[in-house]
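# Close look at the chain arrangement
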Amino acid sequence: MKFGIDIGHNSPPDTGARGIKIEDVLTLDVGNRVMSKLRALGHEVIPCKPDRSSSVTNSLFQRINTANTNRVEVFVSIHFNAFNGQANGTEVFAASDTGRRIAQPVLNEIVRLGFFNRGVKSGSHLYVLRNTNMPAILVECCFIDSPRDMNIFESEATANAIVKGLTGTVPSAPVNPVPDEELNTDTTVIRLQKALNRLKITDRNGRALVEDNITGPATNSATVNFQNIAGIQPTGVADTNTWNAINLILAKRIIRPNHAGGPVVRYIQYRVGVDVDGVYGPQTGEAIKRYQRQNGLLADGIVGGMTWQKLIG
Ligand SMILES: [Zn+2]
């Protein structure tokens, strides 16, 4: 098997989170062990972390570009989480059914070490999962700002768990992600109007939509406004890409620096008043913190439950 191993961050200005320990240090330690263990088992490994990068966008691009041009069979991005000191446990993100089938045993093996099981989660908001051509997972091994997790974390055991999860028997039963708005299949006009109002997207006259379940110039122009923000072709018709973007925003994923990309980040950038480019870099971080301060929230730059509540209710 040909693995692309992406050691998270470690490519300034793309640097990881800091807590009790430093994400860059732990991802490098675990990632290097994973690569040598996979090679020892006879697998081919393509390291995907760039040595240097000109920006966070460039760092993320180089990672997926290395994986895509080398045609790796499975892409594995290794990260550590950080949130509020209390959140703890392991979660693995994937953006396809094949990815989810790879993610589940990796999650199971890490959880066996004693970490709380946060589940396999939908990772369509993550740049490296959105832009790789092959099945891909992003492992959030545990929380570097959790005393509980840092107490039991150990690099060698974590690397062994990841390698066992990747190379062991893959369960044949499909693994379903936790259902939420991302999987909502309701594409009626009334839901579109309610969603655009909730997202505070107005029509061409700057007005909120009348929720009447009737398509007209107002709904069409508000849809165009949303599509421009989300980076989707502005047709005015709510197609699959439009609904995917709306549902992903309504799913209120936790958005942290240097991980996320695509429509969700573009929407947040629009709301906090910073250039819309779809990548969470330093300027976006400052704008989010400013928004959080203005709304009486903890200004940590992490768009979690409280910040999402302020943004879209
Ligand atoms: Zn990270």
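Residues numbered from 1 in each chain as written. Predicted model: local features only at pLDDT ≥ 70, side-chain atom pairs only at ≥ 80, totals over all residues. Heavy atoms only, no water.

## Quick notes on the overall build of the protein chain
Of the regular secondary structure elements, the protein chain holds 12 helices and 6 strands. Here the C-alpha atoms of the protein chain give a radius of gyration of 20 Å, agreeing with the 20 Å that 2.2 N^0.38 yields for 313 residues. The C-alpha extent of the protein chain, read off along each of the three principal axes, is 60 × 40 × 35 Å. Across the 313 residues of the protein chain, 54% fall into the buried class. Counting contacts in the protein chain only where the partners sit at least 6 residues apart, residues at least 24 apart contribute 69% of the total. As displayed, the protein chain offers around 13700 Å² of accessible surface, 49% of which is attributable to carbon and sulfur atoms. Taking the 33 positively charged and 28 negatively charged side chains of the protein chain as two groups, their mean positions are separated by 2 Å. (Helix = DSSP H or I, 4+ residues; strand = E, 2+ residues; numbered from the N terminus. Rg over C-alpha atoms; globule rule 2.2 N^0.38 Å. Buried < 20%, exposed > 50% of the residue type's maximum accessible area, 1.4 Å probe, protein only. Contact = heavy atoms within 4.5 Å. Areas by Shrake-Rupley, 256 points an atom, 1.4 Å probe, with all protein chains shown as cover. Lys, Arg positive; Asp, Glu negative; His and termini not counted. Charge placed at Lys NZ, Arg CZ, Asp CG, Glu CD.)

## Describing the sheet that holds strand β4 (residues 90-94)
If you trace the 6 strands from one edge of the open sheet to the other, you get β2-β1-β3-β6-β4-β5, paired in mixed fashion. In this open sheet, the two edge strands, each paired with only one partner strand, are β2 (44-47) and β5 (117-122). Each strand axis lies, on average, 20° off the axis of its neighbour in the sheet, ignoring direction. When β4 meets β5, the two strands line up parallel, connected through 4 bridges. Bridged to Ala 94 within β5 is Ser 122. (Pairing = 2+ DSSP bridges. Axes fitted to C-alpha atoms, helices over the stretch in contact; angles between N-to-C directions.)

## A short note on the pattern of salt bridges
In the structure shown here, the tally under the stated rule is 16 salt bridges. Put simply, Arg 100 and Asp 97 hold a salt bridge, and the shortest N to O gap is 3.2 Å. Of this pair, Arg 100 and Asp 97 both sit in helix α3 (residues 97-111), 3 residues apart, which is roughly one turn of the helix. The partner of Lys 164 in a salt bridge is Glu 109, with the nearest N and O atoms 3.8 Å apart. Placement of the pair is Lys 164 in helix α6 (residues 155-167) and Glu 109 in helix α3, with a sequence separation of 55 residues. (Salt bridge = Lys/Arg side-chain N within 4 Å of Asp/Glu carboxyl O.)

## Some points on the coordination of the zinc ion
Surrounding the zinc ion are the protein donor atoms His 9 (NE2), Glu 23 (OE), His 79 (ND1) and His 259 (NE2), at 2.0 to 2.1 Å. Angles of 89 to 147° at the metal separate the 4 donor atoms of the zinc ion, which places the site in the irregular class. Taken in chain order, the donor set of the zinc ion reads H-x13-E-x55-H-x179-H. Separated by 14 residues along the polypeptide, His 9 in the loop between β1 (2-7) and α1 (23-40) and Glu 23 in helix α1 bring together distant segments of the chain. The exposure class of Glu 23 is buried, given its relative accessible area of 0%. (Donors = N, O, S within 2.8 Å, 3.2 Å for Na, K, Ca; no water. Tetrahedral: all angles 85-135°; square planar, octahedral: opposite > 155°, others 65-115°.)

## Examining the side chain of Ser 122
Within the secondary structure, Ser 122 sits in strand β5. For Ser 122, a relative accessible area of 10% corresponds to the buried category. Only 2.8 Å separates the side chain of Ser 122 from the side chain of Glu 182, close enough to count as a polar contact. With residues near it in sequence (within four places) discarded, Ser 122 still touches Phe 93, Ala 94, Arg 100, Glu 182 and Arg 253. (Polar contact = N/O pair within 3.5 Å; in protein donor to acceptor, adjacent residues only side chain to side chain.)

## A look at the domain arrangement of the protein chain
Segmentation of the protein chain into domains returns domain 1 (2-167) and domain 2 (181-312). Summarising the inter-unit geometry, the C-alpha centres of domain 1 and domain 2 are found 27 Å apart. Across the contact, 20 residues belong to domain 1 and 17 residues belong to domain 2. At the junction of domain 1 with domain 2, the criterion picks out 1 salt bridge. A salt bridge links Arg 256 to Glu 140; its shortest N-O distance comes to 2.8 Å. (Domains from an automatic or database assignment.)

## Here we look at the packing of helix α8 (residues 217-230) against helix α9 (residues 240-250)
Contact pair α8 / α9: the axes reach a minimum separation of 11 Å and the direction vectors enclose 75°. Taken together, the axis directions place α8 and α9 in an arrangement best described as roughly perpendicular. Contacts between α8 and α9 pair Thr 223, Phe 226, Gln 227 and Ala 230 from the former with Thr 242, Ala 245, Ile 246 and Ile 249 from the latter. Looking at the contact of α8 with α9, its residues break down into 5 nonpolar, 3 polar and no charged. (Parallel < 35°, antiparallel > 145°, perpendicular 65-115°, else oblique. Nonpolar A, V, L, I, M, F, W, Y, C, P; charged D, E, K, R; others polar.)

## Focus on unusual backbone geometry
Omega for the bond connecting Pro 12 with Pro 13 falls within 30 degrees of zero, at 10°, which places this linkage in the cis form. Position of Pro 13 among the secondary structure elements: in the loop between β1 and α1. Its identity as a non-glycine residue notwithstanding, Lys 200 has a phi of 60°, on the positive side. Structurally, Lys 200 can be placed in the loop between α7 (189-198) and α8. Judged by relative accessible area, which is 46%, Lys 200 ranks as partly exposed.

## Section: the packing of aromatic side chains
Counted according to the given criterion, the structure contains 2 aromatic pairs. Taken together, a centroid distance of 6.5 Å and an interplanar angle of 40° make the contact between Tyr 267 and Tyr 270 tilted. Of this pair, Tyr 267 and Tyr 270 are both found in helix α10 (residues 263-272), 3 residues apart, which corresponds to roughly one turn of the helix. On the basis of relative accessibility, which here comes to 0%, the residue Tyr 267 falls in the buried class. (Phe/Tyr/Trp six-rings, centres within 6.5 Å; stacked < 30°, edge-to-face > 60°.)

## Side note on α3
For α3, which comprises 15 residues, the first-to-last C-alpha distance of 21 Å matches the rise-based estimate of 21 Å (1.5 Å per residue) to within 8%. With 11 of 15 residues buried, α3 lies mostly within the body of the structure. Considered for burial, the residues of α3 that qualify are Gly 99, Arg 100, Ile 102, Ala 103, Gln 104, Pro 105, Val 106, Leu 107, Glu 109, Ile 110 and Val 111. In the core, the buried residues of α3 are packed alongside β3 (74-81), β4, β5, β6 (136-143) and α6. (Expected span 1.5 Å × (residues − 1).)

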